[in-house]
Amino acid sequence: MGIGLFDILGPITVGPSSSHTAGAVRLGLVCRRLLGSDVKQAKITFYGSFAETYKGHGTEKAVIGGLLGFLPDNEKIRESLALAEFRGLQYQIFTAEDLRLHPNTVLIEAASKERNLRMMGASVGGGAVCVTEINGMEVEASFEEDTVILFHRDAPGVLAGIAHVLTSCGYNIGNLRLSRTRREGDVITVVETDVPVDEETLERLLEVESVSDAIMIPRF
Amino acid sequence: MDFSSIEYLLDESAKNGLPIGQIVLREEQRESGTSKEAIMERVAHTWQVMKNAANAGIATDMRSVSGLTGGDAAQYYNHLRNHKNLLGSFEAKAVAYALATSGYNAAMGVIAAAPTAGAAGILPGVLIAAQEEYGFSERDAYEALLTAGGIGTAIANRATISGASGGCQAECGTASAMAAAALTEVMGGTPRKCVNAAALALKNCLGLACDPVAGLVEVPCVKRNGVYAVLAITAADMALAGIQSFIPLDEVIDSMYQIGCGMPSCIRETGEGGLAATPTGQTAKRRLT
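Along each chain, residues carry numbers from 1 onward, in the same order as the chain's sequence is written. The naming scheme follows written order: chains are lettered A onward, ligands numbered 1 onward. The predicted nature of this model means local features are confined to residues of pLDDT at least 70 and side-chain atom pairs, given and counted, to a pLDDT of 80 or more, with totals for whole chains, interfaces and linings taken over all residues.

A.B. asks: Before we go on, may I ask you to explain the overall build of chain B in this structure?
C.D. replies: Only DSSP runs of H or I with at least four residues qualify as helices, and only runs of E with at least two residues qualify as strands; both kinds are numbered from the N terminus onward. Across its full length, chain B carries 13 helices and 1 strand. Along chain B, helices (α) and strands (β) appear in the sequence α-α-α-α-α-β-α-α-α-α-α-α-α-α when read from the amino end. Here the C-alpha radius of gyration of chain B, 18 Å, is about what a compact globule of 289 residues would show, namely 19 Å. C-alpha extents for chain B along the principal axes are approximately 60 × 45 × 40 Å. A residue is called partly exposed when the number of other C-beta atoms within 10 Å of its own lies between 12 and 20, exposed at 12 or fewer, and buried at 20 or more, with C-beta atoms placed from the backbone. Counting across all 289 residues of chain B, residues that qualify as buried make up 60%. In this treatment the radius of gyration is a C-alpha quantity, and the globule benchmark scales as 2.2 Å times the residue count to the 0.38 power.

A.B. asks: Just checking my understanding: could you explain the packing of helix α5 (residues 89-106) of chain B against helix α11 (residues 221-240) of chain B for this structure?
C.D. replies: All names here are of chain B. The axes are straight lines fitted to the C-alpha atoms, using for helices just the contacting stretch, and the angles between their N-to-C directions are given from 0 to 180°. Running from amino to carboxyl end, α5 crosses α11 at an angle of 150 degrees, the nearest separation of the two axes being 8 Å. For the element pair α5 and α11, the recorded crossing hand is right-handed. Between α5 and α11, the residues in contact are E91, A94, V95, A98, L99, T101, S102, G103 and A106 and C221, V222, K223, N225, G226, A229, V230 and I233, respectively. For the contact of α5 with α11, the class distribution of residues is 10 nonpolar, 5 polar and 2 charged. Handedness of a crossing follows from how the near helix is turned relative to the far one, being left-handed for an anticlockwise turn of less than a right angle and right-handed for a clockwise one. Distance between backbone-placed C-beta atoms decides contact: two residues are in contact if it is within 7 Å. When residue character is reported, Ala, Val, Leu, Ile, Met, Phe, Trp, Tyr, Cys and Pro are called nonpolar, Asp, Glu, Lys and Arg charged, and the others, Gly included, polar.

A.B. asks: Mind showing me how you'd approach the domain arrangement of chain A here?
C.D. replies: Size of an interface: often given as the accessible area lost when the parts come together. All names here are of chain A. Domain delimitation follows an automatic or database domain assignment. By the assigned domains, chain A splits into domain 1 (15-135) and domain 2 (146-217). Computed from C-alpha atoms alone, the centre-to-centre distance between domain 1 and domain 2 is 26 Å. The partner domain 2 presents 4 residues to the 5 residues of domain 1 that form the contact. A per-element tally of the side of domain 1 that touches domain 2 places helix α2 (residues 18-35) first, with 3 residues. Here the residues of the side of domain 1 that touches domain 2 are counted per class, giving 3 nonpolar, 1 polar and 1 charged.

A.B. asks: I would appreciate a short explanation of the sheet that holds strand β11 (residues 213-217) of chain A in the present structure.
C.D. replies: Strands pair in a sheet through their backbones, by hydrogen bonds, and they do so in one of two ways: parallel or antiparallel. All names here are of chain A. Pairing within the open sheet is antiparallel, and its 4 strands lie in the order β9-β10-β8-β11. With one partner strand each, in any of the chains shown, β9 (173-180) and β11 form the two edges of the open sheet. Between one strand axis and the next, the sheet turns through 15 degrees on average, direction left out of account. Relative to β11, strand β8 (residues 146-153) is paired through 5 bridges, and the arrangement is antiparallel. Bridging across to β11, L150 finds its partner in A214. By definition, two strands form a pair when at least two bridges between them are found by DSSP.

Structure representation (structure tokens):
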């Protein structure tokens, strides 16, 4: 895909920096959508340039704004720390060093009432992001297309089952990436589709053997 | 959009007898698969966000998140209201709106990057001031934005618009070129004149370092947006007078890229060299971390 007109006349976002603010909002928002409900606790660790400049760029406000469900162009992000308190989101901010990581990396360890999630991601420029780790497994997802995240076990036929459900429901798979911890261990499969996958199809995906969760994140 | 040559835009524009903006609209339609109406609606929304940011930035005296900057636009606008400005009223308004947008950006206000957040004041500063001063329609403003988008896209595809890759010439230089072309278009210049305006603007930004104090989009970024708005107007005015750039825009873009590649990383958005490395810059950084 070439560059779009609105990559040049845009993105429309809260300032001051597309990488240190807009991208950080997107990472927070992906984390919230993976959790599927209100985030109650979050431990946020910044690396590299994020660690050095987050205070001046409002990167922590951006991540928390995303965790609260704001899109990058929401004026409320400026007030997100106060809103977090109001909405019962407890957070802690840390900085750390790891030279192997992209310079704008954040680790978010979040919890809703129902579950915990550990997500690492990088803001790679112009507001674009790359989620690099979910629950200890390496992934690679930009969320620029409609994306389904599937949690399952490593077993023969699971992938075929997933592909079968999507195809028979009329979805085209644009991209698919799978990562596993070890043989017969946990797997996360990231599937990009051309249009958002509906509820009924997600239900059917959950019926595929060993699939424990299927989360749809529409492109944003 | 995958065009990386300004000559392509000029050829298509001449072949079809259309302004550059219409060629850009056609290209974007092809790329995105959406309708012309949907694209124009987004352009209109972008223009509205630009106006909101410029007005909000003047009306409030918000400080930036770090506290390094704030209040410049209000101060300059006051100067203008008291008729103390040395610049003509058009240029002075452009400075005020550019400072306002950039200041609003630094204070976590909502802006439209053009082409980046750090350079977001230049294009709206020039266009909003021009509309106030010369009274063109919203429709004309959208056309001008499309033209600006075409120039920015060609630079992004042919070189870079990122300060980390090419220094500030890639950000404020591109924004100035976009603003110069947009202004020329809206003032009735031919496509060729728009391109000359962009070339004259970009040529005079070559070599510009990206050396922000403490790595923040504030010093020297906010005031630089004000200064480069005037550079864009100067370039447009020369082009409207018929002055041509000796070096064609495509070649100016190539040289901008070459210069960017040769820049040491300390002046490519790392906050390590240039103004960031001065004693004052270092003191400010220590205070913030």
